[in-house]
Amino acid sequence: HYKPLCNINRGLYYKLNINETHKYFTYVGVSNDVHKRLRAHNGEISGGAKYTTGKGPGWQHMCVIHGFPTKIESMQFEWALKHVPPRNAGGPENRIKKLAILLNKDRWTSKAPLAKSMPLVIEWTKPQYRPDDFKLPDYIFETYKQNLI
């Protein structure tokens with residue numbers, strides 16, 4: 001399903017990043033300004049997470065997921081994604097597999113609202129980041145947007 005691009009500076013977001021220099025390092029986070037947060041992760045401005053700034057610049061978005069009604073839902077989603085087993089399996093391919101698993105659950109956590117009540121949109125930055133076998137429920141929309149920085 002494809003939907004027109006939303007203004008990605010409005011609301012709360014979930015992001016998955018990849019460092020092109022170190023292909024297996026990924027990062028998941030929540031931000032209400034993904035552009036500014038990415039600049040911080042790359043060390044252009046202060047405020048990046050220790051994990052990403054310690055790996056140096058070169059971070060870029062693989063995808064941005066938005067449509068969470070409140071910060072609570074976005075943080076529940078972030079926590080749940082970080083706890084999809086196996087927890088020690090990192091790298092971009094495993095992160096995307098875990099993302100698909102989580103997006104297909106009825107609830108992300110025991111206290112989260114029903115997933116189908118969330119009007120989520122996934123914006124992929126490059127078609128190659130989205131696996132061909134990436135299956136989503138009908139209520140989640142996907143689109144592609146280059147240059148989310």
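Chemist: For this particular structure, what's the right way to read the packing of aromatic side chains?
Modeler: Any two aromatic rings considered together are summarised by their centre-to-centre distance and by the angle between their planes. By the definition in use, this model includes four aromatic pairs. Judged by centre distance (5.7 Å) and plane angle (70°), the rings of F68 and W108 are edge-to-face. You can see F68 sitting in strand β3 (residues 59-68) and its partner W108 sitting in the loop between α4 (92-103) and β4 (121-124), a full 40 residues away along the chain. Taking relative accessible area as the criterion, W108 reaches 5% and is therefore assigned buried. Ring geometry for F77 versus W108: centroids 4.8 Å apart, planes at 85°, classification edge-to-face. In this pair, F77 sits in helix α3 (residues 71-82) while W108 sits in the loop between α4 and β4, placing the two residues 31 residues apart along the sequence. Each residue in the set F68, F77 and W108 is aromatic and connected to the rest through ring pairs, giving one cluster. Directly above the aromatic system of Y27 lies the positively charged group of K82, at a separation of 5.9 Å from the ring centroid.

The rules we used
- Residues numbered from 1 in each chain as written.
- Predicted model: local features only at pLDDT ≥ 70, side-chain atom pairs only at ≥ 80, totals over all residues.
- Heavy atoms only, no water.
- Phe/Tyr/Trp six-rings, centres within 6.5 Å; stacked < 30°, edge-to-face > 60°.
- Helix = DSSP H or I, 4+ residues; strand = E, 2+ residues; numbered from the N terminus.
- Buried < 20%, exposed > 50% of the residue type's maximum accessible area, 1.4 Å probe, protein only.
- Lys NZ or Arg CZ within 6 Å of the ring centre and 35° of its normal.

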